[in-house]
Amino acid sequence: MATHTTPILIIGSGSAGCTAAIYAARANLKPIMVRGMQPGGQLTITTEVENYPGFAEAIQGPWLMEQMEKQAEHVGTVIIHDHIASIDLSKRPFTAKGESGDDYVAETVVIATGASARWLGLESEKKFQNFGVSACATCDGFFFKKKDVVVLGGGNSAVEEALFLSKICNSVTLIHRRDTLRAEKIGQDRLFKTPNVKVIWDSVVEEFVGEDSPPNLTGVKIKNTKTGAETIVPCHGAFVAIGHNPNTSLFEGQITMDADKYLLVKAGTTQTNVEGVFAAGDVQDKIYRQAITAAGTGCMAALEAQKFLEHHA
């Protein structure tokens, strides 16, 4: 067990964490980045990435995160393979303990723990993940251009995903377990007026079906919650849009959150309600949830932490 001391502790190693680390290291702040439970963040469970600037051809998500980490390390970031189990943000310097037993002492903290997509939890869902099953239409919708897809859910996320996909895909079928949507009325109105979108009510997905080797989704088996009837809806892609869970349980009672447990920051900044603690990426962004926006807020967090340290030297 060891004690690690740093001017800036970065918790999380996705695009927000890595970008914060790069900027902090280049400012000679000797940052420590703790990789966390899912090193590299959500991009590591993405296959092809076509919407990250700077690459003419599609790249692999895991490769992109590997390059970000290498860049952060190259400019001076200390990267530690650990997971923060507890943290005390009541006073500076802030103190944290890793699952390894190591202690971390920091003058500032950048929280970049991200968010996790909610999944249905089916075995077949895991089987076809990245082979037709996705939780991000903005990320993966282009791969289903002029094809038939389904969207699972009934809230704002599902409606937004369906509308986005309707501009790309041949047809979009929204499958919802109830007979009314939870989404805002304006979104519902747009959805119902979109000609290539249809809704299947009172139905839940029982299984994702398709070819085994290589995995290739061909449809979803659904069950009507009122009649019990089972049918298969043919599709090339299925988008699970039942929301995200921000990874913020570690900070409950210390950082101000909204009703969905996303960290709240001062408008136009990454500053939380605790001086010296900054939040970047999906942990404070329920709207965009893109690697490029996460990287942008990672940059902001590092620059704001640098200014904070200068003023509190």
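Structure: above.
Summary of the structure given here. (Residues numbered from 1 in each chain as written. Predicted model: local features only at pLDDT ≥ 70, side-chain atom pairs only at ≥ 80, totals over all residues. Heavy atoms only, no water.)

## Structural notes on the packing of helix H1 (residues 15-26) against helix H7 (residues 291-311)
- For the pair H1 and H7, interaxial distance at closest approach is 7 Å and the crossing angle is 35 degrees. The interaxial crossing formed by H1 with H7 has right-handed handedness. Residues Ser15, Ala16, Thr19, Ala20, Tyr23 and Ala24 of H1 lie in contact with H7, whose contacting residues are Ala291, Ala294, Ala295, Gly298, Cys299, Ala302 and Leu303.
- Of the residues contributing to the contact of H1 with H7, the split by class is 10 nonpolar, 3 polar and no charged. (Axes fitted to C-alpha atoms, helices over the stretch in contact; angles between N-to-C directions. Helix = DSSP H or I, 4+ residues; strand = E, 2+ residues; numbered from the N terminus. Left-handed = near helix turned anticlockwise from the far one by under 90°. Contact = heavy atoms within 4.5 Å. Nonpolar A, V, L, I, M, F, W, Y, C, P; charged D, E, K, R; others polar.)

## Let's talk about the sheet that holds strand S10 (residues 133-134)
- On the basis of which strands lie adjacent, the open sheet formed by 5 strands has the order S10-S17-S11-S12-S13 and parallel pairing. Looking at strand neighbours, the two that pair on one side only are S10 and strand S13 (197-200), the edges of this open sheet.
- Bridging between S10 and strand S17 (residues 237-240) involves 2 bridges; their strand directions are parallel. Considered in S17, the bridge of Val133 is made with Ala238. (Pairing = 2+ DSSP bridges.)

## Here's the deal with the state of the cysteines
- This structure, assessed with the given rule, holds 1 disulfide.
- For Cys136, the disulfide goes to Cys139, at an S-S distance of 2.2 Å. The sign of the 70 degrees torsion about the S-S bond sets the Cys136-Cys139 disulfide as right-handed.
- Since its relative accessible area comes to 17%, Cys136 is described here as buried.
- By relative accessible area, Cys139 is classed as partly exposed at 27%.
- No disulfide involves Cys169; its nearest neighbouring cysteine sulfur is the one of Cys235, lying 11 Å away. (Disulfide = S-S within 2.5 Å. Buried < 20%, exposed > 50% of the residue type's maximum accessible area, 1.4 Å probe, protein only.)

## Examining the packing of aromatic side chains
- Tallied over the full model, the rule gives 4 aromatic pairs.
- With centroids separated by 5.6 Å and ring planes inclined at 80 degrees, the aromatic side chains of Phe144 and Phe239 adopt a geometry described as edge-to-face. Separated by 95 residues along the polypeptide, Phe144 in the loop between helix H4 (137-140) and strand S11 (148-152) and Phe239 in strand S17 bring together distant segments of the chain. Across the pair, Phe239 and Phe144 agree in class, each one buried. (Phe/Tyr/Trp six-rings, centres within 6.5 Å; stacked < 30°, edge-to-face > 60°.)

## A closer look at the pairing of strand S16 (residues 230-234)
- Relative to S16, strand S15 (residues 216-224) runs antiparallel, the two sharing 5 bridges. Note on S16: the bridge partner recorded for Gly219 is Pro234.
- Hairpin connection, S15 to S16: the antiparallel pair is bridged by 5 residues, and Gly228 has positive phi, about 80 degrees.

## Remarks on the environment of Val159
- Tracing the sequence through the fold places Val159 in helix H5 (residues 156-166).
- Residues Val159 and Leu181, spaced 22 residues apart in sequence, show a C-alpha to C-alpha distance of 8.8 Å.
- With sequence-adjacent residues up to four places away left out, Val159 is seen in contact with Leu181, Ala183, Gly187, Gln188 and Leu191.

## Notes on a positive patch on the surface
- Taken together, the side chains of Arg118, Arg177, Arg178 and Arg182 make up a positively charged region of the molecular surface.
- Following the sequence through the fold, Arg177 ends up in the loop between strand S12 (171-175) and helix H6 (185-193). (Patch = residues over 30% accessible without salt bridge, like charges linked within 9 Å, V, L, I, M, F, W, Y side chains within 5 Å. Areas by Shrake-Rupley, 256 points an atom, 1.4 Å probe, with all protein chains shown as cover. Salt bridge = Lys/Arg side-chain N within 4 Å of Asp/Glu carboxyl O. Lys, Arg positive; Asp, Glu negative; His and termini not counted. Charge placed at Lys NZ, Arg CZ, Asp CG, Glu CD.)

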